[in-house]
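Chain and residue survey
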Amino acid sequence: MAKSVNPDAISILLANPSPDSSLDGPTDIVVQILDMKNVGNKFAFTASDWKMNLKAVLRSTLSSEVESGRIQNLGLISILNYTVHDIPMMNREFLIVTKCAALSPALEAEIKAEGKTEESGIVLKPKPEISITSARMEPHRVNYLASKISQILL
(Lines give C-alpha, C1' and ligand atoms only; values in the text may rest on other atoms or scores of the structure.)
Protein backbone atom coordinates (compact mmCIF):
# COMPACT_ATOMS: atom_id res chain seq x y z
CA MET A 1 0.00 0.00 0.00
CA ALA A 2 1.44 3.39 -0.98
CA LYS A 3 1.77 5.92 1.79
CA SER A 4 -0.43 8.77 0.62
CA VAL A 5 -2.92 11.32 1.91
CA ASN A 6 -6.52 10.88 0.89
CA PRO A 7 -7.37 14.31 -0.56
CA ASP A 8 -10.97 14.01 0.71
CA ALA A 9 -10.21 12.62 4.18
CA ILE A 10 -11.50 15.64 6.14
CA SER A 11 -14.69 15.75 4.05
CA ILE A 12 -15.25 12.04 4.81
CA LEU A 13 -14.78 12.68 8.54
CA LEU A 14 -17.17 15.65 8.57
CA ALA A 15 -19.80 13.81 6.51
CA ASN A 16 -19.77 10.88 8.94
CA PRO A 17 -19.09 12.45 12.38
CA SER A 18 -19.85 9.36 14.44
CA PRO A 19 -19.28 6.18 12.45
CA ASP A 20 -20.98 2.98 13.57
CA SER A 21 -18.22 0.99 15.29
CA SER A 22 -19.84 -2.31 14.22
CA LEU A 23 -19.20 -1.41 10.57
CA ASP A 24 -15.74 -1.32 9.03
CA GLY A 25 -16.33 2.15 7.56
CA PRO A 26 -14.02 3.85 5.09
CA THR A 27 -10.48 2.51 5.21
CA ASP A 28 -8.84 5.31 3.26
CA ILE A 29 -8.95 8.11 5.84
CA VAL A 30 -5.28 9.10 5.72
CA VAL A 31 -4.21 12.52 7.01
CA GLN A 32 -1.01 14.37 7.80
CA ILE A 33 -0.39 15.49 11.40
CA LEU A 34 0.47 19.18 11.76
CA ASP A 35 1.37 21.27 14.82
CA MET A 36 1.27 18.37 17.31
CA LYS A 37 1.46 19.48 20.95
CA ASN A 38 1.32 17.68 24.27
CA VAL A 39 -1.79 18.76 26.21
CA GLY A 40 -1.83 17.02 29.56
CA ASN A 41 -1.98 13.29 28.87
CA LYS A 42 -3.19 13.77 25.27
CA PHE A 43 -1.72 15.12 22.05
CA ALA A 44 -3.52 17.85 20.11
CA PHE A 45 -2.80 18.42 16.42
CA THR A 46 -4.25 19.63 13.16
CA ALA A 47 -5.33 16.90 10.73
CA SER A 48 -4.70 17.88 7.11
CA ASP A 49 -5.64 16.29 3.79
CA TRP A 50 -4.02 19.19 1.83
CA LYS A 51 -7.45 20.57 0.94
CA MET A 52 -8.82 21.11 4.44
CA ASN A 53 -7.63 21.16 8.06
CA LEU A 54 -9.43 19.96 11.18
CA LYS A 55 -8.39 20.47 14.82
CA ALA A 56 -7.94 17.10 16.50
CA VAL A 57 -6.74 15.24 19.57
CA LEU A 58 -5.38 11.72 19.98
CA ARG A 59 -7.07 9.77 22.74
CA SER A 60 -4.82 9.34 25.80
CA THR A 61 -4.46 5.61 25.08
CA LEU A 62 -2.52 6.58 21.92
CA SER A 63 0.05 8.66 23.84
CA SER A 64 2.48 5.74 23.90
CA GLU A 65 2.46 5.72 20.07
CA VAL A 66 3.63 9.35 20.07
CA GLU A 67 6.16 8.85 22.87
CA SER A 68 7.66 5.84 21.05
CA GLY A 69 8.03 7.90 17.85
CA ARG A 70 5.65 5.82 15.73
CA ILE A 71 3.30 8.82 15.40
CA GLN A 72 5.14 12.08 14.67
CA ASN A 73 4.44 15.67 13.70
CA LEU A 74 4.30 15.90 9.86
CA GLY A 75 3.77 12.13 9.73
CA LEU A 76 0.86 10.27 8.16
CA ILE A 77 -1.79 8.31 10.04
CA SER A 78 -4.73 6.21 8.95
CA ILE A 79 -7.74 7.04 11.12
CA LEU A 80 -9.54 3.81 12.01
CA ASN A 81 -12.04 5.02 14.64
CA TYR A 82 -13.03 8.56 15.60
CA THR A 83 -15.73 11.01 16.64
CA VAL A 84 -16.25 14.53 15.29
CA HIS A 85 -17.77 16.97 17.77
CA ASP A 86 -19.49 20.17 16.68
CA ILE A 87 -18.65 23.20 18.84
CA PRO A 88 -21.44 25.70 18.07
CA MET A 89 -20.03 28.56 20.17
CA MET A 90 -16.81 28.48 18.14
CA ASN A 91 -18.49 27.58 14.84
CA ARG A 92 -16.09 24.68 14.21
CA GLU A 93 -15.75 20.92 14.44
CA PHE A 94 -13.25 18.98 16.53
CA LEU A 95 -11.94 15.46 15.81
CA ILE A 96 -11.19 12.91 18.53
CA VAL A 97 -9.11 10.02 17.18
CA THR A 98 -9.76 6.87 19.21
CA LYS A 99 -7.90 4.39 16.99
CA CYS A 100 -5.32 4.96 14.26
CA ALA A 101 -2.32 3.43 12.55
CA ALA A 102 0.96 5.20 11.85
CA LEU A 103 1.76 5.02 8.13
CA SER A 104 4.80 7.25 7.82
CA PRO A 105 7.27 9.03 10.08
CA ALA A 106 7.76 12.78 9.74
CA LEU A 107 7.80 14.06 6.16
CA GLU A 108 10.02 16.92 5.07
CA ALA A 109 7.19 19.48 5.03
CA GLU A 110 3.48 20.11 5.24
CA ILE A 111 1.51 18.93 2.23
CA LYS A 112 0.24 21.94 0.29
CA ALA A 113 -2.76 22.26 -2.01
CA GLU A 114 -0.66 23.40 -4.95
CA GLY A 115 1.03 19.97 -5.04
CA LYS A 116 0.30 17.84 -8.09
CA THR A 117 -2.03 15.00 -7.25
CA GLU A 118 -3.24 11.82 -8.82
CA GLU A 119 -6.66 10.32 -8.29
CA SER A 120 -5.27 8.15 -5.47
CA GLY A 121 -3.63 11.01 -3.56
CA ILE A 122 -0.13 12.35 -3.03
CA VAL A 123 2.67 9.78 -2.67
CA LEU A 124 5.32 11.01 -0.23
CA LYS A 125 8.75 9.97 1.01
CA PRO A 126 9.64 9.95 4.72
CA LYS A 127 11.97 12.61 6.12
CA PRO A 128 15.53 11.28 6.63
CA GLU A 129 16.48 10.81 10.26
CA ILE A 130 19.09 13.07 11.85
CA SER A 131 21.79 11.25 13.80
CA ILE A 132 24.68 12.59 15.80
CA THR A 133 27.65 10.33 15.11
CA SER A 134 30.44 11.90 17.13
CA ALA A 135 30.83 13.91 20.30
CA ARG A 136 33.87 15.60 18.73
CA MET A 137 31.92 17.49 16.08
CA GLU A 138 32.75 21.07 15.22
CA PRO A 139 30.93 23.57 17.49
CA HIS A 140 29.00 25.19 14.61
CA ARG A 141 27.71 21.76 13.49
CA VAL A 142 26.60 20.88 17.03
CA ASN A 143 24.77 24.24 17.34
CA TYR A 144 23.08 23.65 13.96
CA LEU A 145 21.90 20.16 15.00
CA ALA A 146 20.70 21.45 18.37
CA SER A 147 18.63 24.16 16.67
CA LYS A 148 17.09 21.61 14.27
CA ILE A 149 16.20 19.28 17.14
CA SER A 150 14.63 22.13 19.14
CA GLN A 151 12.57 23.16 16.07
CA ILE A 152 11.25 19.60 15.80
CA LEU A 153 10.31 19.50 19.47
CA LEU A 154 8.54 22.87 19.50
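Cut-off values and rules
Residues numbered from 1 in each chain as written. Predicted model: local features only at pLDDT ≥ 70, side-chain atom pairs only at ≥ 80, totals over all residues. Heavy atoms only, no water. Helix = DSSP H or I, 4+ residues; strand = E, 2+ residues; numbered from the N terminus. Buried < 20%, exposed > 50% of the residue type's maximum accessible area, 1.4 Å probe, protein only. Contact = heavy atoms within 4.5 Å. Areas by Shrake-Rupley, 256 points an atom, 1.4 Å probe, with all protein chains shown as cover. Salt bridge = Lys/Arg side-chain N within 4 Å of Asp/Glu carboxyl O.

1. Comments concerning the overall build of the protein chain
On a plain count of helices and strands, the protein chain comes out with three helices and seven strands. N-terminal to C-terminal, the α/β element order of the protein chain is β-α-β-β-β-α-β-β-β-α. Taking all 154 residues of the protein chain together, the buried fraction comes to 32%. Excluding contacts between residues fewer than 6 apart, the proportion of contacts in the protein chain whose partners are at least 24 apart in sequence is 58%. As presented, the protein chain carries roughly 9900 Å² of accessible surface, and 53% of it is formed by carbon and sulfur atoms.

2. A few points about the pattern of salt bridges
Opposite charge on two side chains makes pairing possible when the charged atoms of those side chains draw close. Enumeration according to the criterion identifies two salt bridges in this entry. In this structure, D8 engages K51 in a salt bridge whose closest nitrogen and oxygen atoms are separated by 2.9 Å. With a gap of 43 residues between them, D8 in the loop between β1 (4-5) and α1 (9-15) and K51 in the loop between β3 (42-48) and β4 (53-58) connect regions that are remote in the sequence. By relative accessible area, D8 is classed as partly exposed at 36%. Here R70 ties to E65 by a salt bridge, and the two come within 3.0 Å at their closest N and O atoms. Of the residues examined, R70 reaches a relative accessible area of 47% and is grouped as partly exposed. On the accessibility criterion, E65 (23% relative accessible area) is partly exposed.

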